[in-house]
Amino acid sequence: MTTHPEIAPGVVEIDTLLGGWERMTAGYLITGDAPVLVETGSQTSVPALLDALAALNVDAGTLAGVVVTHIHLDHAGGVGDVAAAFPAATVYVHERGARHLVDPTKLVNSAAMVYGDLLDSLYGRLTATDATRVRVLADGDEVHVSSNRTLTTVDSPGHAKHHLAVHDSESGLLFAGDAVGVRLPDAGILRPATPPPDFDLDQAIASLRKFRHRRPAGIALAHYGLVPDPEAILEEAEGTLRRWAEVAEAAWRRGEDIAAALDAEFGHGPDIEAVDPEVRDRLDTLNGIHSNAAGFQRWLDTRGTAGGHGDQPRPNYPNGVRVQHDRGHGHTHPHRSRPPGREW
């Protein structure tokens, strides 16, 4: 029987059982006068999530809010179904991701071309959420859980430009999405999450330092669980990102395959080889080296073209992956006309 541990006062961890696998994807219920769920997991995880919420006595009229850290399907794929099951809940999302929850057609079509059959068998798709249910969040916005408990938004691009974290005022926990990386308990290895098309090393490191500045009491990872020593994990995350970036950039400058270079450096050795092969396969499915390599490739090519750091050609992305570039300084806000925290 699956248990739902309270990892801090008023914070319950829910295993959303991606692919039926335990301790791969987590959601977090923040209890109070207006309970809030952080992360729904994928659409295929919705039955397990609804069972967990029912076991925690959260009924259709109880849940007040759903926060997604970003719109990747392993985090937000269940939003539309959860919104339908909890009609009183407001859906909170980064302003850059809101339109995709309202009309997920482009997001799902792109994911289908990338994942193929794996999309339906592992992740599922994304049901649209009515625009009146969606509220955009900007950096520093607050979601109120009770009179003495708020979740404060921390804009945290790098993994994705539509990424945010939330910091709980009561427990001190920071719910970090994928900004810190992936560390499955059964693997024990922290791996960065650097997928295309949005990965940006400088932004990712800035986000980690932003987290450190907030001095959280703990870091709650989507993949997976509570890390009680936030200073150590944030330092490790920055160091790991820099090491992967150094290997990727060295291969890029030599015109070599980035994925092969990363695999040679980080895909072998005593730490990874000590991991159970089945767990290693799960880690590679969730956060494979090739996906991370594609993110580094896109970042390096874009930086090289824009900033004169190299003369490598821009990539021709396979599988329908569409690269979007911001204008100006990379911080445009196309939806700023809608005040943060207001109806989408």
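Please read all numbers here as calculations on a predicted model, not as lab measurements. (Residues numbered from 1 in each chain as written. Predicted model: local features only at pLDDT ≥ 70, side-chain atom pairs only at ≥ 80, totals over all residues. Heavy atoms only, no water.)

Peer 1: Describe the overall build of the protein chain, listing the residues and the values that go with them.
Peer 2: Helix and strand counts for the protein chain come out as twelve helices and 13 strands. Taken across its 344 residues, the protein chain has 53% of its residues classed as buried. Sequence-distant contacts in the protein chain: of pairs separated by 6 or more residues, those separated by 24 or more amount to 70%. A total of about 14,700 Å² of accessible surface is found on the protein chain, and carbon and sulfur atoms cover 48% of it. (Helix = DSSP H or I, 4+ residues; strand = E, 2+ residues; numbered from the N terminus. Buried < 20%, exposed > 50% of the residue type's maximum accessible area, 1.4 Å probe, protein only. Contact = heavy atoms within 4.5 Å. Areas by Shrake-Rupley, 256 points an atom, 1.4 Å probe, with all protein chains shown as cover.)

Peer 1: Describe in detail the side chain of Arg191, supporting the description with residues and values.
Peer 2: Tracing the backbone through its elements, the reader meets Arg191 in the loop between β11 (173-175) and α7 (201-214). In this structure the side chain of Arg191 is engaged in a polar contact, spanning 3.1 Å, whose partner is the side chain of Asp284. (Polar contact = N/O pair within 3.5 Å; in protein donor to acceptor, adjacent residues only side chain to side chain.)

Peer 1: Break down a nonpolar patch on the surface for me, citing the residues and quoting the values.
Peer 2: On the surface, Val114, Tyr115 and Leu118 cluster together to form a nonpolar patch covering roughly 230 Å² of accessible area. On the secondary structure map, Leu118 appears in helix α6 (residues 117-123). (Patch = residues over 30% accessible without salt bridge, like charges linked within 9 Å, V, L, I, M, F, W, Y side chains within 5 Å. Salt bridge = Lys/Arg side-chain N within 4 Å of Asp/Glu carboxyl O.)

Peer 1: Tell me about the packing of helix α8 (residues 230-254) against helix α9 (residues 258-266), and name the residues and values.
Peer 2: Where α8 contacts α9, the axes come no closer than 9 Å and their chain directions differ by 135°. With respect to each other, α8 and α9 are oriented oblique. In the crossing of α8 with α9, the sense of the turn from one axis to the other is right-handed. Together, Arg243, Trp244, Val247, Ala248, Ala251 and Trp252 of α8 and Ile258, Ala261, Leu262, Glu265 and Phe266 of α9 make up the contact between the two elements. For the contact of α8 with α9, the class distribution of residues is nine nonpolar, no polar and two charged. (Axes fitted to C-alpha atoms, helices over the stretch in contact; angles between N-to-C directions. Parallel < 35°, antiparallel > 145°, perpendicular 65-115°, else oblique. Left-handed = near helix turned anticlockwise from the far one by under 90°. Nonpolar A, V, L, I, M, F, W, Y, C, P; charged D, E, K, R; others polar.)

Peer 1: Quick one: what's the story with the nonpolar core, residue by residue and with numbers?
Peer 2: For soluble globular proteins, nonpolar side chains are generally found buried alongside one another. In terms of nonpolar packing, the biggest core is built from 50 residues, with Tyr28, Leu101 and Phe175 touching the most fellow members. What Tyr28 contacts, discounting residues up to four positions off in sequence, is Ile7, Val11, Val12, Glu13, Val36, Leu37, Val38, Phe175, Ala220, Leu221, Gly225 and Leu226. (Core = buried A, V, L, I, M, F, W, Y, C linked by side-chain atoms within 4.5 Å.)

Peer 1: Run through unusual backbone geometry, naming residues and quoting values.
Peer 2: With omega at 5°, the peptide bond leading from Pro196 into Pro197 counts as cis. Assignment of secondary structure puts Pro197 in the loop between β11 and α7. Here His223 and Tyr224 are connected by a cis peptide whose omega angle stands at 0°. Here Tyr224 is to be found in the loop between β12 (218-221) and β13 (225-227). Unlike most non-glycine residues, Glu39 shows phi in positive territory, near 80°. Of note, Arg215 is a non-glycine position whose phi angle comes to about 50°, a positive value. Tracing the backbone shows Arg215 in the loop between α7 and β12. Given a relative accessible area of 72%, Arg215 falls into the exposed group.

Peer 1: Please provide a residue-by-residue account of the sheet that holds strand β8 (residues 142-146), values included.
Peer 2: Reading across the sheet, the six strands line up as β8-β9-β10-β11-β12-β13 and stay open at both edges, with mixed pairing between neighbours. Across the chains shown, the open sheet's two edge strands, defined by having one partner strand only, are β8 and β13. Going from strand to strand, the sheet's axes swing by 25° on average, the running direction of each strand aside. With five bridges connecting them, strand β9 (residues 149-155) and strand β10 (residues 164-168) associate as antiparallel partners. Bridging from a neighbouring strand, Thr152 pairs with His167 of β10. Running over the sheet, α7 touches β9, β10 and β11 and is turned about 150° from β9. Seen against the sheet, α8 touches β12 and β13 and runs at an angle of roughly 55° to β12. (Pairing = 2+ DSSP bridges.)

Peer 1: Describe the sheet that holds strand β3 (residues 26-30), with residues and values.
Peer 2: In space, the seven strands of this open sheet follow the order β1-β2-β3-β4-β5-β6-β7, with mixed pairing throughout. Each edge of the sheet is formed by a strand with only one pairing partner; in this case those strands are β1 (6-8) and β7 (134-137). Each strand axis lies, on average, 30° off the axis of its neighbour in the sheet, ignoring direction. The pairing of strand β4 (residues 36-38) with strand β5 (residues 65-67) spans three bridges and is classified as parallel. Looking at the pairing, Val36 lines up with Gly65 of β5.

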